[in-house]
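# Remarks on the overall topology
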Amino acid sequence: MKPALRIIEVGPRDGLQNERTPLPTGDKLRFINHLVSAGLREIEATSFVSPKWVPQLADADELAALLPHGPQYSALVPNERGLARLLATSIDRIALFTAASDDFTKRNINMTIAESLEAFKPVVEQFRAERPNGFIRGYVSTVVQCPYAGMIPTQRVSEVTEALFALGVNEVSLGETIGVAVPEEIEALIDELTNWPKEKIVWHFHDTRGTAIANAAVAMEAGYMAFDASAGGLGGCPYAKGAGGNMATEDLVYFAERNGISTGVNLMELAKASLPVLAQLGKPPTAKSQLAALAEEH
Ligand code: HMG
Ligand code: MG
């Protein structure tokens, strides 16, 4: 039997952070409950970032207190202030985030890459002291191309990945932030990333140009079994103009299951999970495997 796929559902965080229409906390909670019913076991629920920078997630503290028991939740933490907020909740997975491009980190977190790594040190230290069983993911954004600096050398990605592991993160999620990459570019990155066990690397594809599932396919072929994805393909980054939604979790689930790789996710339930959110945002569902699953029921 093929090993199971690990899916980290980032819809409630990456999927919503860029949306201007404020979504009430209760609706976010309903979305998360639906994701849990669909079988998702790892969910990035929100971000403890500055509400001035990401107003949509200003209710992180309130939402965290209401999360249903069962899944592993993570949340973005950019600094010590964010960590203090997270430590007041029961979420025990933090996600630190930097990039392979200084131009991007300056716009996203108002720091250079080096400054961000420096800022993460006390966050990691304090988190480890307060939550000895906690888990830390580190994001590297713009792993193929930066919307400001252009193409990124693969070596740069491996340097930042190395720096995050040296800080003590448990895993690194590689963000193809603007959804431009094609499989050949992912293969080139894979060739560069030989220093770390595959279990410690997660792929985070955006699907702006419809290449996400093709990129996930080459990563799976190479033995990587952990992917970030967002229900209904919700998403985008406020500091990466033109960045489309994440790879749709429905597309990932369909692709994996059809290839004999189990996900533990009920595709029909999942296809329905983002519908109320999309309706509130005034958007029709567009993710292909979501539409196909919904059509089958009628
Ligand atoms: P700053 O303006 O340089 O820092 O922001 P500051 O310390 O001057 O803070 C500004 C204000 O925010 C202050 O309030 C702080 O108190 C407050 P004021 O004094 O003006 O009233 N503040 C906070 N409030 C609550 N929680 C906090 C916090 N920190 C400061 N944690 C900062 C620096 C890092 C805070 C800001 O740039 C920030 O929050 N950035 C987050 C941006 C973000 O969330 N981007 C999207 C996520 S990254 C992404 O999507 C990519 C990813 O999906 C992977 C991929 O696709 O590649 C992960
Ligand atoms: Mg993202």
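Before reading on, note that the structure itself is shown above.
The present account deals with the structure reproduced in this document.

### Some points on the overall build of the protein
Per the secondary structure count, the protein includes 13 helices and ten strands. In summary, the protein has a C-alpha radius of gyration of 18 Å against a globular reference of 19 Å for 298 residues, a match within 12%. Expressed along its principal axes, the backbone C-alpha trace of the protein runs to roughly 55 × 45 × 35 Å. Out of the 298 residues belonging to the protein, those deemed buried represent 57%.

### A look at the layout of surface pockets
Here the largest pocket defines a volume of roughly 520 Å³. Every residue lining the largest pocket is counted, 32 residues in all, and those nearest its centre are Val49, Val54, Phe97, Asn108 and Ile109. For the lining of the largest pocket, the elements supplying multiple residues, two or more each, are helix H1 (11–15), helix H4 (80–87), helix H5 (102–109) and strand S5 (135–141). In terms of residue class, the lining of the largest pocket is made up of 16 nonpolar, twelve polar and four charged.

### Let's talk about the packing of helix H7 (residues 154–167) against helix H8 (residues 183–192)
Where H7 contacts H8, the two axes come as close as 9 Å, and the packing angle between them is 50°. As summarised for this structure, H7 and H8 are arranged oblique, according to the angle between their axes. Relative to H8, the crossing made by H7 is right-handed. Contacts between H7 and H8 pair Thr154, Gln155, Val157 and Ser158 from the former with Ala188, Leu189 and Glu192 from the latter. Its residues assigned to classes, the contact of H7 with H8 comprises three nonpolar, three polar and one charged.

### Some points on empty space enclosed by the protein
Within the structure shown, the criterion is met by one cavity of 30 Å³ or more. For the largest cavity, the calculated volume is near 60 Å³. Contributions of two or more residues to the lining of the largest cavity are made by strand S1 (6–9), strand S2 (42–47), strand S3 (72–76) and S5. In terms of residues, the lining of the largest cavity owes the most to one element, S3, which gives three residues. Residue classes in the lining of the largest cavity are distributed as four nonpolar, two polar and five charged.

### Considerations on the pattern of salt bridges
As a working rule, side chains carrying opposite charge can pair if their charged atoms are close by. By the definition in use, this model includes 15 salt bridges. Close ionic contact of Lys283 with Glu19 constitutes a salt bridge, the shortest N to O distance being 2.7 Å. With Lys283 in the loop between helix H12 (275–281) and helix H13 (288–297) and Glu19 in the loop between H1 and helix H2 (25–37), the pair connects residues that are 264 residues apart, well separated along the chain. Accessibility expressed as a relative area gives 36% for Lys283, which makes it partly exposed.

### Some thoughts on helix H6 (residues 113–130)
Owing to its 3.6 residues per turn, the α-helix aligns residues three or four sequence positions apart on the same side. Between its first and last C-alpha atoms H6 spans 26 Å; for 18 residues at 1.5 Å apiece the expected length is 26 Å, and the two agree. The sharpest bend along H6 reaches about 25° and sits at Phe120, with the proline Pro122 one to four residues further on. Restricting attention to buried positions, one finds in H6 the residues Ile113, Ser116, Leu117, Phe120, Val123, Val124 and Phe127. Residues of H6 that are buried make contact with H4, strand S4 (93–99), H5, S5 and H7.

Calculation criteria
Residues numbered from 1 in each chain as written. Chains lettered and ligands numbered in written order. Predicted model: local features only at pLDDT ≥ 70, side-chain atom pairs only at ≥ 80, totals over all residues. Heavy atoms only, no water. Helix = DSSP H or I, 4+ residues; strand = E, 2+ residues; numbered from the N terminus. Rg over C-alpha atoms; globule rule 2.2 N^0.38 Å. Buried < 20%, exposed > 50% of the residue type's maximum accessible area, 1.4 Å probe, protein only. 1 Å grid on protein atoms, 1.4 Å probe; cavity = no way out; pocket = protein on both sides within 12 Å on 5 of 7 lines; lining within 4 Å. Points joined across faces, edges and corners; volume = space filled by probe spheres on them. Nonpolar A, V, L, I, M, F, W, Y, C, P; charged D, E, K, R; others polar. Axes fitted to C-alpha atoms, helices over the stretch in contact; angles between N-to-C directions. Parallel < 35°, antiparallel > 145°, perpendicular 65-115°, else oblique. Left-handed = near helix turned anticlockwise from the far one by under 90°. Contact = heavy atoms within 4.5 Å. Salt bridge = Lys/Arg side-chain N within 4 Å of Asp/Glu carboxyl O. Expected span 1.5 Å × (residues − 1). Bend = angle between axes of the 7 residues up to and from the residue.

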